[in-house]
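Descriptive analysis of the structure
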Amino acid sequence: MNNVWTISKLTFREAFSRKIFLFFAGISTFLLLVFLAVFLFTDVAALFGSVKINGKELSGSNPAVAAIKLFILNPLYGFGLFLAIFSSASFIPHMLEKGNIDLLLSKPISRRQLILGKFFGGVAVVFVNVFYLVFGLWLMIGYGLGDWSVDFLLASLVITFVFALLYSLMILLGIVSRSSVLAMMISYLVFLILSPVLSSREIISTFLNSEIFSAVMNFFYYVVPQTSDLGSILNSIALGNPIESYSPIIVSLAFIVAAIEFSVFVFSKKDY
Amino acid sequence: MNIVEVENLTKIFSASGKSGAVKALDGVTLSVGEGTIFGLLGPNGAGKTTLVKILLGIVRPTSGNAKLLGEDVSHYKIKSRVGYLPENHKFPNFLTGEGVMKYFGELAGMKKSEIENRIDPLLSLVKMKKWKRTKIKSYSKGMMQRLGIAQALINNPDVIFLDEPTDGVDPIGRKEIRDILLKLKNEGKTIFLNSHLLSEIEMVCNSIAILNKGKLIREGTVEEITTTKEIYDFEIAEGSATDILAKFGTAYSLVAKGNAAFSGKFDDVDRLNSFIDSMRGAGVLIKSVVPKKVSLEDMFISVIEDSEGGKNE
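Residues numbered from 1 in each chain as written. Chains lettered and ligands numbered in written order. Predicted model: local features only at pLDDT ≥ 70, side-chain atom pairs only at ≥ 80, totals over all residues. Heavy atoms only, no water.

**Focus: the interface of chain A and chain B**
Listed by partner, the interface residues are 27 residues for chain A and 27 residues for chain B. Summed over both partners, the interface of chain A with chain B buries about 2,500 Å², with 57% contributed by carbon and sulfur atoms. For the chain A face of the interface with chain B, the top three residues by lost area are Leu 103, Lys 107 and Pro 108 of chain A, together amounting to 25%. Counting the contacts that link chain A with chain B gives four salt bridges. For Glu 106 of chain B, the salt bridge goes to Lys 9 of chain A, with nearest N and O atoms at 2.9 Å. Viewed at the interface, chain B and chain A are joined by 13 residue pairs in polar contact (both at pLDDT 80 or more). (Contact = heavy atoms within 4.5 Å. Buried area = accessible area lost by both parts, 1.4 Å probe. Salt bridge = Lys/Arg side-chain N within 4 Å of Asp/Glu carboxyl O. Polar contact = N/O pair within 3.5 Å; in protein donor to acceptor, adjacent residues only side chain to side chain.)

**Observations regarding the side chain of Asp 163 of chain B**
All names here are of chain B. Among the secondary structure elements, Asp 163 is positioned in strand E7 (residues 159–163). Buried Asp 163, no salt bridge; nearest opposite-charge side chain is Lys 48, N-O distance 6.9 Å. At a separation of 3.3 Å, a polar atom in the side chain of Asp 163 contacts the side chain of Thr 49. Excluding residues that lie within four positions of it along the chain, Asp 163 makes contacts with Thr 49, Leu 85, Pro 86, Glu 87 and Asn 194. (Helix = DSSP H or I, 4+ residues; strand = E, 2+ residues; numbered from the N terminus. Buried < 20%, exposed > 50% of the residue type's maximum accessible area, 1.4 Å probe, protein only. Lys, Arg positive; Asp, Glu negative; His and termini not counted.)

**Thoughts on the packing of helix H4 (residues 63–88) of chain A against helix H9 (residues 180–199) of chain A**
Residues and elements named next belong to chain A. Across the interface, H4 lies against H9 with an axial gap of 10 Å and an inter-helix angle of 165°. It follows that H4 is roughly antiparallel to H9 by the angle criterion. Of the two elements, H4 crosses H9, and the hand of that crossing is right-handed. Where H4 abuts H9, its residues Tyr 77, Gly 78, Leu 81, Phe 82, Ile 85 and Phe 86 lie against Met 184, Ser 187, Tyr 188, Phe 191 and Leu 192. (Axes fitted to C-alpha atoms, helices over the stretch in contact; angles between N-to-C directions. Parallel < 35°, antiparallel > 145°, perpendicular 65-115°, else oblique. Left-handed = near helix turned anticlockwise from the far one by under 90°.)

**Things to note about the packing of helix H7 (residues 111–145) of chain A against helix H8 (residues 151–177) of chain A**
All names here are of chain A. Viewed as axis vectors pointing N to C, H7 and H8 meet at an angle of 155°, and their least axial separation amounts to 8 Å. When the axes of H7 and H8 are compared, the pair comes out roughly antiparallel. In the crossing of H7 with H8, the sense of the turn from one axis to the other is right-handed. The residue inventory of the contact of H7 with H8, partitioned by class, reads 21 nonpolar, four polar and one charged. (Nonpolar A, V, L, I, M, F, W, Y, C, P; charged D, E, K, R; others polar.)

**Observations regarding unusual backbone geometry**
Phi at Arg 178 of chain A is positive, roughly 60°, even though this residue is not glycine. By the secondary structure assignment, Arg 178 of chain A is in the loop between H8 and H9. A positive phi angle, close to 55°, is found at Leu 69 of chain B, a residue other than glycine. In this fold, Leu 69 of chain B is placed in the loop between strand E4 (63–68) and strand E5 (71–72).

**Details of the pattern of salt bridges**
Where side chains of opposite charge bring their charged atoms close, a pairing between them can arise. Taken as a whole and judged by the stated rule, the model has 23 salt bridges over all chains. For Lys 69 of chain A, the salt bridge is made with Asp 147 of chain A, and the minimal N-O distance between the two is 3.3 Å. Taken together, the residues Lys 69 of chain A in helix H4 and Asp 147 of chain A in the loop between H7 and H8 connect sequence positions 78 residues apart. Using a relative accessible area of 4% as the deciding quantity, one classes Lys 69 of chain A as buried. With a shortest N-O distance of 2.7 Å, Asp 120 of chain B and Lys 132 of chain B are connected by a salt bridge. Pair noted here: Asp 120 of chain B is in helix H3 (residues 112–125) and Lys 132 of chain B is in the loop between H3 and helix H4 (141–153), with a separation of twelve residues, a long-range link. Note on Asp 120 of chain B: relative accessible area 26%, which makes it partly exposed. Looking at Lys 132 of chain B, the relative accessible area reads 12%, which means it is buried.

Structure (structure tokens):
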């Protein structure tokens, strides 16, 4: 456990030294300042109170609060994760560089501990940054609009969980290919294209009317990270609405465990 | 006790791309005793680094056994008693010298207080103490090597593997590193040294092994390996070497080396003694008979050429 902690700490420091951490913190601080200005100099309740999504007014006791939460969380989910993938893709290939991996493997540390250390370190970097932004916004919403619902804070956990899901895939790809570019490209492909398409598989199937196609789509839906459905869960949690299905969370958790275990298996078979 | 024991070790790297499978080690068997400085020699691609990496669990053997400190090398916890300086090592460049020591100390499973207590003495040993708070990205190659040696010693290891430790170090620094190695040996540490600098190996190592194309072709103490068994240098107290050559040159293979010195080549000890008897019988007063020594470099080149079927053959 100590070894996992040491590797996690170093991954954290690596992110800090490569200005990844500061870059995230800078963007988060900038966004917080923008929202602070909005809260200080505008009538936020009036500004967001009339927001409609798909032509419908938002439900709940305070539609303005719901609108501002969605206005913040959806870009944070998309753009934030985009940046997180970009900045963490090199963690594993960098660890595997000659001269670096030799030293790590010459220490009394198992290959499993190395992978877990990198995983938890990367996840911690993203969690700290996401929580900083979400917590800051939560304070503003609380003071500005009187909504102190802690559900909004859970959004930081959901976003971090989605990152952990994609990061486990990046670790696997990094171990197999040693290429940060490949790990990044495939993660973007899953996050931006595959998952949204597979999430809409039922709509697509009605147009194509093919049982085989539906079965194939269903198969891939359950083996590809369900980031799109987790995005919907994020909105539900932030707004305090009940979660319709826990299946994406369970499937994603299984994916993380499987990806990490397979990474450990491949890593333990490789020579460096 | 043998610190390193390798038995019939073979490593075949599977084919990648256009190249076929490569046999990096071919049935290597050797052992390294406690408290010795062991030098592993061989031309590029001989399998030296592969052997060290197998001992450290970085590379998996295809077949054979390898034991370190009496344990199978697959037991990673044994590495808490091992130090390693790889060739062209890379430390996280955002750390200071002190940070590197702390990081690798933690990875070696040491307590914080133990690490703190060892950092200054070790950095002083390698003459890097005044740079300990400087980020290593501004270090020179020689400074990185010194820090690398200190890092390899942080956990007070019983056995230390050093791959080209004097690479990039100036002559004074090389001498200092040699002194450190001898000091460690006197403390009872076992040192496994990979180096291309044969003169350095000759100066510090007790025993050596030579690898070529994955095969162990010679093993022994430096004394044994650099001493030829066939050629002897003679010095006589009276008379001249020319007279000796005139008298015995037809029966024995002799070469003059000075006024009262010559050398002779003998197939075995009986023939050597028969020559000495003949000289004594002729009243020659022998001052000394010494087996001829060659430099490690000459011997190394000769052994490698022999293993490859001779030069230009």
